[in-house]
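So the chains spell out like this:
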Amino acid sequence: MAVDAQEFLTFTLGDENYGLDILTVKEIRGYESVTKIANAPPFIKGVINLRGDIVPIVDLRIKFNVGKVTYDEFTIVIVLHIHNRIVGIVVDGVSDVVSLLKEQVLPPPNFGVAFDSRYLLGLATVNEQMIILVNISELISSEEMGLFDASAETSG
Amino acid sequence: MSIDMKQFHAVFFEESQEHLDEMEQLLLNVDVATPDSEMLNSIFRAAHSIKGGSGIFGFDALASVTHIMESLLDKIRQGKMAITTDMVDLFLSSVDQLKEILHSYRGNEELNWAGVYDLTKQLELVTAGKTTTTSDNENKNGYGFFTEFEKAKEEEGYGFFDEPMQTVQVEDESFGFFDDLPDPVSEPALASMPSPVQAINDYFGFFEDLPSPETTAAFAPVTETPAVVPITSTKPSSSLEKPTAIASTKIKNTEAVNVESSSIRVDVAKVDQLINLVGEIVITQSMMSLLGKNLEGALAEKFQAVANELERNTREIQEAVMSIRMLPVSFVFNRFPRVVRDLSSKLGKQIDLVIEGGETELDKGLTEKLVDPLTHLVRNSIDHGIESAEMRTALGKNPTGTVTLRAAQQGGNIVISIKDDGSGLNRERILEKARENNIAISDNPKDEEVWQLIFAPGFSTAAAVTDVSGRGVGMDVVRRNVQSLGGRIDIESRAGQGATFTIHLPLTLAIVDGMCVSVGEQTFIVPLVHIIESMQPAAKDIRTLAGDDQLLHVRNEYWPILPLYKVMQLQPQHTDVSKGIAVLVETNKYRFALFVDDLVGQQQVVIKSLEQHYKRVEGIAGATIMGDGSVALIVDVESLALTVNNKIHLAVAV
């Protein structure tokens, strides 16, 4: 493997394929019932018990208004480890792990995807499929998500 | 490399802190009339250990102070000098200063070198043989006079004075160096620094001709112009003492090594992680037991037996792990002999401190936070409670007052009480003060209600503000501190017989006694501390105000009703208050009725932080994990009370 290759976990949201840095992934698990939290935006489903840690669950399908929002035994949660915090994201499905070289990654477009281009690393084509690479740390810790307290964000 | 050194620093700081604490304890127990030699040896060893470490790491201020302390201690130990109360005082203040120095080194802060010099000088003077207070004081006076004088004139005299100072410094270094060498080398090592020592010896020799150099030295500065000489003359004498000190240091050092503690230092974070993981095992185990109940046949019986065994083991593991965080309460109590000693001499009262139940164990987090409130209460007892010896004699009491600190475990609680045999709380004065401060009181309040008044902010019954107490910032802070630990504080008092303050605390910070209540499909925990009672209200007791707000009528009082489902934005089973349960809760300032669907039961829950991975949520104090692995939120009654108050301005002020 080339030295500057980076590995991405690819997942689907609606019809599109996305990729996120695999080093931020703690684990992948099925969706379980959450404890709701008052005054939270609808895309924050609530919190779960992850081996003693109280972890918030974010449904990216609601946040970006893509895909069908259903919860069953096939619903997937990717548990991420970002800035010393743990967050679970609900996606439509997890597909693969791909290794990409720097030159395979193209600059991101300014339109046409659910994510603001601020949160994109670029585009890549694997097996004739386009993968949108997401800067997941930036997205999760963004003010827009409202997951972190402003003060905690700097310390984390 | 530098990282490595830093690691050692941390250990050194911790150890030094322990040595200092030990020294303080021992010093407080020293019987001046018949000092216990083993005790003196222990103090000496503690000083020596700190000196050794600080020498290695280059913490010069620590090394120089402990070095002189060590010399003085050695003299006392060898019986060359009798220990006096003043010496003990000086040692105690040295310990204080060493703690400060340690703190400065630890925090990379600027050192108070002036204080270090002052202290070393005082110690040097005492070491030099000024055994009595008078000569010590005069010496200090002389010194004070001398510094003023030296500023005024005698540039040369100052220079002269400066030189011996350096010799002491040089000698210090050689001393450290010498410590590592076998004894025979000691003579040449000292001899190899000819000039400074020589210089001193010369002057010293000059003074030796006088009949009693010590006394002249003490008086000379006050009366004569060459004030420089007496001060320096004390230094050589101390330097001459040092070789003997070194020899015995060697011996004692080997002894110190033998006394090794059987404990290990572990990062609290590691322990907490362990506690977390064990909590998980307990939950997994209970889930497994639940699954096992569905089994049938011969296998089911076997499985159940194994499951029971596992349950017992996991509970034991959990208890054992929790106990790692526990520290004996004596960690807090041990600082009080010092507080009492200092205060009683300051206030001119005779006080005995009795400590009971110091071995009672308490969560480490709690012990740290207990220090301030307890100190405050002890100071209060001594300042306000215990009368002066004359007054006590006049009242027919023992002239020596007694303050008792007691700790005991009662069920899931730790009870700590501070009891004095003083005058007790003064009911009339408290009532008078309350009227002055416009605090609402009923016409003929019960004693308990009166005592509660002293917890009001800004309340002080002290006739005069002293630097010990009486500023009125105290008791409300004490109560708030205790409550923030999930505890409560009670007062008992009898005029003329004394007062007892009792603090009830949960066993650990991480656990809260709570009532589980259900709203819709979710479970919430309401801390038991706040709950007065729970009831199913009758429809006739519910009054509706303009809008949706409702009041509950209970025994001639109106309680604002706060439906938990509205706050938590949930779909409840009942929206009609008379179908559900009203939990009457009380905070410092407000009371209200929390409306929930049902009561699930009372249980102790482990508090988990929501903020660790999410953020603070209004009305929620934290979360916990229930037996089935689901998350339940812990209701923050205090912040809900504020919402209630903002919404309905009818919340009944307590």
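Nothing here was measured: the structure is a model prediction, and the numbers come from that model.

About the cut-offs
- Per chain, residue numbering runs from 1 following the sequence as it is written.
- By the order in which they are written, chains take letters starting at A while ligands take numbers starting at 1.
- Reporting of local features is limited, given that this is a predicted model, to residues whose pLDDT is at least 70; pairs of side-chain atoms are given and counted only at 80 or more, and all residues count toward the totals for whole chains, interfaces and linings.
- Put simply, DSSP marks the helices as runs of H or I at least four residues long and the strands as runs of E at least two long, and each gets a number from the N terminus on.
- Here a residue counts as buried when 20 or more other C-beta atoms sit within 10 Å of its C-beta, as exposed when there are 12 or fewer, and as partly exposed otherwise, the C-beta atoms being derived from the backbone.
- Two residues qualify as being in contact provided that their C-beta atoms, derived from the backbone, are within 7 Å of each other.
- Under the scheme applied, nonpolar residues are Ala, Val, Leu, Ile, Met, Phe, Trp, Tyr, Cys and Pro; charged residues are Asp, Glu, Lys and Arg; polar residues are all the others, including Gly.
- Axes here mean lines fitted to C-alpha atoms, for a helix over just the part in contact, with angles spanning 0 to 180 degrees between N-to-C directions.
- Here roughly perpendicular refers to angles of 65 to 115 degrees, roughly parallel to angles under 35, roughly antiparallel to angles over 145, and oblique to all remaining angles.
- Left-handed is the label given to a crossing in which the near helix is rotated counterclockwise from the far helix by less than a right angle, and right-handed is the label when the rotation is clockwise.
- Think of it this way: DSSP has to see at least two bridges between two strands before they count as a pair.
- To estimate the expected span of a helix, count its residues, drop one, and scale the result by 1.5 Å.
- Every residue gets a pLDDT, meaning the predictor's confidence in that residue, from 0 to 100.
- What the arc describes is the spread of directions from the helix axis to the C-beta atoms.
- The term nonpolar core refers to a group of buried residues, namely Ala, Val, Leu, Ile, Met, Phe, Trp, Tyr and Cys, whose C-beta atoms join them within 7 Å.

Visitor: What exactly am I supposed to notice about the overall build of chain A here?
Guide: A tally of regular secondary structure across chain A gives three helices and ten strands. Ordered by position from N to C terminus, the α and β elements of chain A give β-β-β-β-β-α-β-β-β-β-β-α-α. Taking all 156 residues of chain A together, 35% fall into the buried category. Once local pairs closer than 6 in sequence are excluded, the contacts in chain A between residues at least 24 apart make up 57%.

Visitor: Teacher, can you tell me more about the interface of chain B and chain A here?
Guide: Note: interface size is frequently given as the accessible area lost on complex formation between the parts. Listed by partner, the interface residues are 27 residues for chain B and 21 residues for chain A. Among the elements of the structure, α12 (268-292), β17 (620-625) and β18 (631-635) of chain B are those that each provide at least two residues to the side of chain B that touches chain A. If you tally residues by element for the side of chain B that touches chain A, the top one is α12 of chain B, at four residues. In terms of residue class, the side of chain B that touches chain A is made up of twelve nonpolar, nine polar and six charged.

Visitor: It is not clear to me how the packing of helix α16 (residues 364-385) of chain B against helix α20 (residues 475-484) of chain B should be interpreted in this structure. Could you clarify?
Guide: Relative placement of two packed helices is described by the angle separating their axes and the distance separating the axes. All names here are of chain B. Across the interface, α16 lies against α20 with an axial gap of 9 Å and an inter-helix angle of 150 degrees. In terms of their interaxial angle, α16 and α20 are classed as roughly antiparallel. For the crossing formed where α16 meets α20, the hand is left-handed. Residues K369, D372, P373, H376 and L377 of α16 lie in contact with α20, whose contacting residues are V478, N481 and V482. Looking at the contact of α16 with α20 residue by residue, the classes come out as four nonpolar, two polar and two charged.

Visitor: Mind showing me how you'd approach the sheet that holds strand β7 (residues 498-506) of chain B here?
Guide: Remark on secondary structure: sheet strands pair via backbone hydrogen bonds, oriented parallel or antiparallel. Residues and elements named next belong to chain B. Overall, mixed pairing links the five strands, which are arranged β2-β4-β5-β7-β6 in an open sheet. Each of the sheet's edge strands pairs with one partner strand only, and the pair in question is β2 (351-356) and β6 (488-494). Between one strand and the next, the sheet's axes are offset by a mean angle of 15 degrees, whatever the strand orientation. Across eight bridges, the pairing between strand β4 (residues 401-410) and strand β5 (residues 413-420) is antiparallel. Each bridged residue has a counterpart across the sheet, and for L405 the counterpart in β5 is I418. Sitting on the sheet, α16 is in contact with β2, β4, β5 and β7, with an inclination near 20 degrees to β5. Sheet strands touched by α20: β6 and β7. Its angle to β6, the strand with the most contacts, is close to 135 degrees.

Visitor: Sorry if this is basic, but what is going on with the packing of helix α3 (residues 60-77) of chain B against helix α5 (residues 113-127) of chain B here?
Guide: All names here are of chain B. Here α3 crosses α5 at 15 degrees, and the two axes come no closer than 10 Å. Taken together, the axes of α3 and α5 lie roughly parallel to each other. The two elements α3 and α5 meet at a crossing, and its hand is left-handed. Residue-level contacts link A61, S64, V65, I68, M69, S71, L72 and K75 of α3 to W113, V116, L119, T120, L123, E124, V126 and T127 of α5. Partitioned by chemical class, the residues of the contact of α3 with α5 number ten nonpolar, four polar and two charged.

Visitor: When you look at helix α2 (residues 37-57) of chain B in this model, what are you seeing that I'm missing?
Guide: Each turn of an α-helix holds 3.6 residues, which means side chains three or four residues apart point in the same direction. For α2 of chain B, which comprises 21 residues, the first-to-last C-alpha distance of 30 Å matches the rise-based estimate of 30 Å (1.5 Å per residue) to within 8%. Phi turns positive, to about 75 degrees, at G58 of chain B, one or two residues after α2 of chain B.

Visitor: Would you take a moment to explain unusual backbone geometry for this structure?
Guide: Glycine aside, residues mostly have negative phi angles, and peptide bonds mostly take the trans form. Non-glycine residue H83 of chain A carries a positive phi angle of around 50 degrees. With respect to the helices, strands and loops of the structure, H83 of chain A is situated in the loop between β6 (76-82) and β7 (85-91). One non-glycine residue with positive phi stands out, namely Q569 of chain B, at about 50 degrees. Tracing the backbone shows Q569 of chain B in the loop between α21 (564-567) and β14 (581-586). Since 11 C-beta atoms lie within 10 Å of it, Q569 of chain B is described here as exposed.

Visitor: It is not clear to me how the confidence of the model for chain B should be interpreted in this structure. Could you clarify?
Guide: Detailed conclusions should not be drawn from predicted coordinates in areas where pLDDT is low. All names here are of chain B. This prediction gives chain B a mean pLDDT of 73; 73% of its residues lie at or above 70. The model gives residues 650-654 a pLDDT under 50, and that stretch makes 16 contacts with residues more than four places away or in other chains. For this predicted complex, the interface confidence score (ipTM) comes to 0.82, while the overall pTM stands at 0.51.

Visitor: Can you walk me through α20 of chain B in this structure?
Guide: Residues and elements named next belong to chain B. Three or more residues of α20 are buried, namely M475, V478, R479 and V482. Burial along α20 is one-sided: seen end-on, the buried residues are contained in an arc of 95 degrees. As for α20, its buried residues are in contact with α16, β6 and β7. G486, located one to two residues past α20, shows a positive phi value of around 80 degrees.

Visitor: What should I look at first to understand the nonpolar core in this one?
Guide: Most often, soluble globular proteins have nonpolar side chains that are buried together. Counting 84 residues, the largest nonpolar core has V47 and V134 of chain A together with V526, A593, L594 and V635 of chain B as the members making the most contacts within it. Once residues lying within four places of it in the same chain are set aside, the contact partners of A593 of chain B are L552, W559, P560, I561, L562, A582, V583 and L584 of chain B. F333, L377, L425 and V482 of chain B belong to the second largest nonpolar core, which has 34 residues in total.

Visitor: Quick question: what am I supposed to make of the environment of A61 of chain B here?
Guide: Residues and elements named next belong to chain B. Mapped onto the elements, A61 comes out in helix α3. Linking A61 and N112, residues 51 residues apart in sequence, is a C-alpha distance of 9.2 Å. When neighbours within four sequence positions are excluded, A61 is seen to be in contact with I101, L111, W113 and V116.

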